[in-house]
Structure formats: C-alpha cells, structure tokens
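# Breakdown of the fold
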Amino acid sequence: MGIITPFPQNRSIEEENARILREVGHFLAAHALRSTPGNYRLAFEQVANPNSPLAKAIEAATFNGVRLLQSEADRLLRETAGDEDDARRPVRPQTEELDLAFRQMEAFARTIEIVRLETEDYGRNLESGAAAIEEVGDVFAKASLLAITSEMLARTRLAETRLAEAEREASALREKLAAAEQDARTDVVTGLLNRRGFDMRWQALERENAAVSIGLCDVDRFKQVNDGHGHEVGDRVLRVIADTLRHFCGGHLVARFGGEEFVVVFEKVRAADAERCLEQARMELERRVLHDRDNGARIGIITFSAGIAEGRAGATPLISQADELLYRAKKKGRNRICRA
C-alpha cells in the first residue's frame, strides 16, 4: 500500500477558527467597515455561511470588486434581519451553547467599538490640550493638560478592564465555538464526519480542483438488521463498518454520508488503488459473523456494495458517478465494488 499518497489531516478547530477570524478582518478592511456588531455579522456570514441569504446579498452588492459602503451594509442588515436565524440553520446547529457563543461574539465586538470610540475621544482631548497650550498662558495650559491627562488615565484603566474582560469572554467563546463546531460536523453514532462535515471538505476540494477518487459504500440489506434486532444493534453495526473503513482507508477522508451510506475520498489516488483499500474492508467484514452482545443472537454476515469514480473534484460530478456505480454494484448482486 506504499504507493498510496496519505490524505492530509483535516484542518484543526483552532486553525479553522483562526482562518475565519482572519477572513472576517480582511473583509472589514477591504470594505473600510468599522468593527461593529452589525459589520461583524456581515463579515461572518460571508466567510462562514456563504449560502445564506445575507451572504448572497453581499456577493451581489460587491460584484466585480465593488466596495461595500456602510450605508449599503446597513441596508442589507435591515433587509435580512428577519432571515438571520433561518440563514444560520442549515449550517449551524441551533443549540443554546452556540446561540450564547454568537451573543458573546457580538458583545466582544461592541467592547472593541467602545474602546475605539474612547480612543478617538483621547485624540480630540489631546488636540484641544495642545491648542490650549498654544493659546493660553502656561499656568492655565498646564492645568488644562493635567485635567486631560487625569481623564485619559481613568479612561485607560477602564478600557484595560473592559479589554481584560473581553479577552476572558473571547477565550470562553473560542472553547464554545470549537465544541459546537465539532458537534456540528461529527456523526454521533460513528464518530466520523457527518454529511455537513463532508460537504465542507468536499467544497474545499472542488475549489482546489483536486484529483481524487471517491467511493460511495452502502450497507447491504441494512433494514433487515434494524427490523430484526432494533436500531441500537443497527447503530453498533454501523460503528463496526465505520471502524473497518477507517482502518483500511487510514489517512483518507471517511464520512457517514447518511443512513447506512458511507463515503471515502482518496486524494491523489487512482481508482484502482482506492478499490484495493475498499476491497480489503469489504473482505474483512464478509469474513466476520456478528452477534448481538446483549443476548448472543446471531446478526450474521454484514456486507456492503460500493461505487468508485475518479477525476477532478471541481470539474466532474464525481459523487453522481460514484452513486451510479454503486447502483450498478447493487444490481449485480451486492457485496461487490464497481469502478469506472
């Protein structure tokens, strides 16, 4: 198996959060927008939720490199205010933890805006103090400058306190977002990436136009397992299959595509090599006779059928091709692999 190029590890949660924060900052800088909660929401939707109504409206407003004016940003926020929850729902789990995290992010943005406004006040006060020195005698100038300095020191201490609180909140926010993001992308039954996690990785491969082989695997007659032994046993069987695929396709992207269907993406691997990996997994399952550990009842032999397609992720409908080949494997009698 040394001829197979290992699949690079998925980007860590910390790296993904850092990427989002960088791109949010780039968006605000590119359009000369201030650091306000509303503008943070615009930038965040554009970076992390590109299919939302708000993100699509931003894309239309900035077509051909047009800069987004603050007045236009405010208009987009007003027009999509009612769609905010719906826009997030397809890609963000509606959990109390994540809702709290978003509120903390907005509070952090407000803190930064307050500090920015107070910094502007410092500048104005310094300018007036400098003017006082020029226009008034030394005694009055010194008194004025002393008053300004005292006020600045008090405001600086207050700003430092607020920033320290904001940093603590930001740390807690990162932990909540990391946990929520992990939950959002992980299948609770198998521990693999779920369909959402797979879609995000696949979209990245499409943007890179990466050379891949993709295998769609479907458990044969899985309904009989659920009907005969119950869904809890069915979940255990899915975990066995997930572990088997993960073992024989180690280093490559393995995800639960939905129901009893799994997907494996082999980056920079030819279809014939991908087939050898999946064939090893198929044969391992075929030789095992599974039993219900609770009552010892025989579950039997579990098999899967698979279809493998090869090409460029961004140029051809590989998932559809793999699905057609999977259907062909089912039609030929199941427990087999078909590839283009």
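As a starting point, this report considers the structure included with it. Source: prediction; values computed, not measured. (Residues numbered from 1 in each chain as written. Predicted model: local features only at pLDDT ≥ 70, side-chain atom pairs only at ≥ 80, totals over all residues. Heavy atoms only, no water.)

## Describing the packing of helix α2 (residues 37–48) against helix α4 (residues 70–79)
Running from amino to carboxyl end, α2 crosses α4 at an angle of 80°, the nearest separation of the two axes being 10 Å. With respect to their mutual orientation, α2 and α4 come out roughly perpendicular. Here α2 contributes Gly38, Asn39, Arg41 and Leu42 to the contact with α4, which in turn contributes Gln70, Ala73, Leu76 and Leu77. Residue classes in the contact of α2 with α4 are distributed as four nonpolar, three polar and one charged. (Axes fitted to C-alpha atoms, helices over the stretch in contact; angles between N-to-C directions. Helix = DSSP H or I, 4+ residues; strand = E, 2+ residues; numbered from the N terminus. Parallel < 35°, antiparallel > 145°, perpendicular 65-115°, else oblique. Contact = heavy atoms within 4.5 Å. Nonpolar A, V, L, I, M, F, W, Y, C, P; charged D, E, K, R; others polar.)

## Points about the nonpolar core
Membership of the largest hydrophobic core comes to 31 residues, with the highest contact counts inside it found for Val237, Ile241, Leu245, Phe262, Phe266, Leu278 and Ile302. Of all the secondary-structure elements, those providing two or more residues to this core are β1 (211–219), α9 (222–229), α10 (231–248), β3 (261–267), α11 (271–286) and β6 (304–312). When sequence neighbours within four positions are dropped, the list of residues in contact with Val237 reads Phe222, Val225, Leu290, Ile299 and Ile302. Formed by 21 residues, the second largest nonpolar core is a distinct cluster that contains Leu216, Leu253, Val265 and Leu326. (Core = buried A, V, L, I, M, F, W, Y, C linked by side-chain atoms within 4.5 Å. Buried < 20%, exposed > 50% of the residue type's maximum accessible area, 1.4 Å probe, protein only.)

## Notes on helix α3 (residues 53–61)
Leu54, Ala55 and Ile58 are the residues of α3 that are buried. Seen from one end, α3 has its buried residues packed into an arc of 100°, which puts them on one side. Residues of α3 that are exposed and point more than 90 degrees away from the buried face comprise Glu59 and Ala60. (Arc of directions from axis to C-beta.)

## Here we look at the pattern of salt bridges
Throughout the structure, instances matching the rule amount to 16 salt bridges. Of the charged contacts in the structure, one is a salt bridge between Arg339 and Glu275, with a shortest N-O distance of 2.4 Å. In this pair, Arg339 sits in strand β7 (residues 337–339) while Glu275 sits in helix α11, placing the two residues 64 residues apart along the sequence. Relative accessible area serves as the criterion here: at 37%, Arg339 is assigned to the partly exposed category. Residues joined by salt bridges that share partners form a network here, namely Glu232, Arg236, Asp292 and Asp294. (Salt bridge = Lys/Arg side-chain N within 4 Å of Asp/Glu carboxyl O.)

## Quick look at the sheet that holds β7
Taken in spatial order, the five strands of this open sheet run β2-β3-β1-β6-β7, and their pairing is mixed. Of all the strands in the sheet, the pair left with one neighbour each is β2 (253–258) and β7. Geometrically, the sheet is characterised by an average inter-axis angle of 20° between neighbouring strands, direction not taken into account. Pairing analysis gives three bridges linking β6 to β7, with the strands arranged parallel. Opposite Gly307, over in β7, you have Cys338 as the bridge partner. Each of β1, β2 and β3 touches helix α8 (residues 195–208); the most contacted strand, β3, lies at about 30° to it. Lying over the sheet, α10 contacts β1, β2, β3 and β6, oriented at roughly 10° with respect to β3. (Pairing = 2+ DSSP bridges.)

## Details of the packing of aromatic side chains
Using the criterion set out here, one finds two aromatic pairs in the structure. Aromatic ring contacts, followed pair by pair, group Phe198, Trp202 and Phe257 into a single cluster. Seen from the ring of Phe257, Arg195 lies directly overhead, with NZ or CZ sitting 3.9 Å from the centre. (Phe/Tyr/Trp six-rings, centres within 6.5 Å; stacked < 30°, edge-to-face > 60°. Lys NZ or Arg CZ within 6 Å of the ring centre and 35° of its normal.)

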